[in-house]
Amino acid sequence: DDRSADDDDAGEGACDPSPARPAADWYSAMKIHVIGIAGSGKTTLAQWISATFSIPAFNLDPVVYDFEIGERPEPEIVGRIDEIRALDGWVTEGAYRDPWLRPLLNDTTAIVWLDPPLQTAMLRMVKRHVLAELARNNLHPGWIRLFRFLNYNRRTARQQNAETLDLLSQYSGKVFRCRTSKDVGIVQGDYPRVSGLCRAGEAPALHRLRAGTRRMR
């Protein structure tokens, strides 16, 4: 995802890699899922988490789709998800809200929901498309295709939000809902607690984030 010029938007404006932090074995066991609509900053945040804590990042699009033949059969998707779950630590990202996602969510130590204003996400989608067209590496080429995708997200934004809220409701204790870059910055800055992990002998707990970041409610 591309960086937003608006510092008050969720995701990309707050995802500049910070100075390297000391390695710790317990970081390698973090299991984090980043969810949000297209253009919300999922890829940028997932890549930051991966680079900062040396855990693999997985975009769920290739897990779900073969870009030559279309959507994979559900048993194949489940099998690929299980392969990720079997790893010691990981960060995944995607907009999916399908039932096959629940086992992955059950395993997470934290879930980050990037929920910026729709207009912000749509502007990012346009910028990303233009840059990919100029670079001639657009996986989804064509302006008509972009227009249809933007129109789909405009029409279904409320439904997508409601479905995400319903999906995540049972995980509210470990969901961090970020609507601005300040929210994302707080999540990034409080990585030990957001990971949902504690050092040996400490009780796992997620603290109440400071003003500006919303625990899901």
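Our subject in this report is the structure included herewith.

What counts, and where the lines are drawn
Residues numbered from 1 in each chain as written. Predicted model: local features only at pLDDT ≥ 70, side-chain atom pairs only at ≥ 80, totals over all residues. Heavy atoms only, no water. Core = buried A, V, L, I, M, F, W, Y, C linked by side-chain atoms within 4.5 Å. Buried < 20%, exposed > 50% of the residue type's maximum accessible area, 1.4 Å probe, protein only. Helix = DSSP H or I, 4+ residues; strand = E, 2+ residues; numbered from the N terminus. Contact = heavy atoms within 4.5 Å. Salt bridge = Lys/Arg side-chain N within 4 Å of Asp/Glu carboxyl O. Expected span 1.5 Å × (residues − 1).

Here we come to the nonpolar core. Formed by 19 residues in total, the largest nonpolar core has its most connected members in Leu60, Ile81, Trp100, Leu101, Leu105, Ile111 and Leu168. Those elements that place two or more of their residues in this core are helix H2 (60–64), helix H3 (74–85), helix H4 (102–107), strand S6 (110–114) and helix H6 (143–168). What Leu101 contacts, discounting residues up to four positions off in sequence, is His33, Leu60, Tyr96 and Leu167. Val34, Ala110, Val112 and Phe176 belong to the second-largest nonpolar core, a separate cluster that totals 17 residues.

Now for unusual backbone geometry. Excluding glycine, a negative phi dihedral is what most residues carry, and trans is how most peptide bonds are arranged. Positive phi outside glycine occurs at Ser54, with the angle close to 55°. With respect to the helices and strands, the residue Ser54 is situated in the loop between helix H1 (42–53) and strand S2 (57–59). Exposure remark for Ser54: the relative accessible area of 64% places this residue in the exposed category.

Right, let's talk about the pattern of salt bridges for a bit. Applying the stated criterion to the full structure yields 7 salt bridges. Connected through salt bridges with shared partners, the residues Arg72, Glu76 and Arg80 form a single ionic network.

Time to look at helix H5 (residues 118–135). Here H5 contains 18 residues, and its C-alpha end-to-end distance of 26 Å stays within 8% of the 26 Å for a straight helix at 1.5 Å per residue. For H5, the complete set of buried residues consists of Thr120, Ala121, Met122, Arg124, Met125, His129 and Ala132. Taken together, the buried residues of H5 touch H6. Residue Arg136 follows H5 closely and has a positive phi angle near 60°.

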